[in-house]
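Observations on chain architecture
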Amino acid sequence: MIAVIDYKAGNLTSVVKALRFLGADDVVVTQSPEDVLRAEKIVLPGVGHFQATQLLEDLKLTAAVREAVAKGTPFLGICVGLQWLYEGSTEAPATAGLGHFAGMCERFPASFEGSELKAPHVGWNSLEAVRVDSRLLRGVESGSFVYYTHSWRAPVSADTAAATMYGGAFTAAVEQGNVMGVQFHPEKSAETGLRVLRNFLEL
């Protein structure tokens, strides 16, 4: 069973549709810690304000994810779902993230190298420096385009599986063992996005 976590701010319909298109029949949209703990894989889609992730703590889903991840269950965070894997975000400083990866997510700067930088970062942009050992991005080449819509970004670190350039480099995908996240929307990223989701399903 694939548990797709519903924290009332995720792009659930298109993510579930993409997973089922790829052959995942047993997809359950849930707010139940018990479902998360018995799932074979976990997906956390996310859009909107980081503060909405407080519901994960309130529903005891944060603890369930930690336990599931510790026993090796593959986890994929999408957009705000990736940001939640970090310590937190300046968008909602009082709301803690999972803290699996070090660092805080920050807003894009108002300008970069002397030019105005628009936020949100919306549209197609390319993946760079794709890690050759990434299981999530297997078969995805540097330069492949994916679809974004976000105003906050995760820092680049040793766990970054791919970066994207916009106002400097930010983490496009992060991966450490069974814990993975993508800032872009794979369900809206054509064949490249489907390849990413397919790789996750095949873990």
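Structure shown above.
To keep things clear, this report deals only with the structure shown in the data block.

Definitions and cut-offs
Residues numbered from 1 in each chain as written. Predicted model: local features only at pLDDT ≥ 70, side-chain atom pairs only at ≥ 80, totals over all residues. Heavy atoms only, no water. Helix = DSSP H or I, 4+ residues; strand = E, 2+ residues; numbered from the N terminus. Rg over C-alpha atoms; globule rule 2.2 N^0.38 Å. Buried < 20%, exposed > 50% of the residue type's maximum accessible area, 1.4 Å probe, protein only. Areas by Shrake-Rupley, 256 points an atom, 1.4 Å probe, with all protein chains shown as cover. Lys, Arg positive; Asp, Glu negative; His and termini not counted. Charge placed at Lys NZ, Arg CZ, Asp CG, Glu CD. Arc of directions from axis to C-beta. Contact = heavy atoms within 4.5 Å.

Looking now at the overall build of the protein. When helices and strands are tallied, the protein shows 6 helices and 14 strands. Compactness check: the protein gives a C-alpha radius of gyration of 16 Å against a globular reference of 17 Å for 203 residues, within 12% of the reference. Viewed in the frame of its principal axes, the protein has a C-alpha envelope of about 50 × 40 × 30 Å. Here the protein holds 203 residues, and 55% of them are scored as buried. Looking at the protein as shown, the accessible area adds up to about 8700 Å², and 51% of this sits on carbon and sulfur atoms. Taken as two groups, the 17 positive and 22 negative side-chain charges of the protein have centres that lie 3 Å from each other.

Within helix α4 (residues 61–70), burial applies to Leu-61, Thr-62, Ala-64, Val-65, Ala-68 and Val-69. For α4, the arc enclosing every buried residue in end-on projection is 160°, short of the 170-degree limit, so these residues lie on one face. Taken together, the buried residues of α4 touch β1 (2–5), α2 (33–38), β3 (41–44), α3 (54–58), β4 (75–78) and β14 (179–182). Immediately downstream of α4, the backbone of Gly-72 shows phi near 100°, a positive value.

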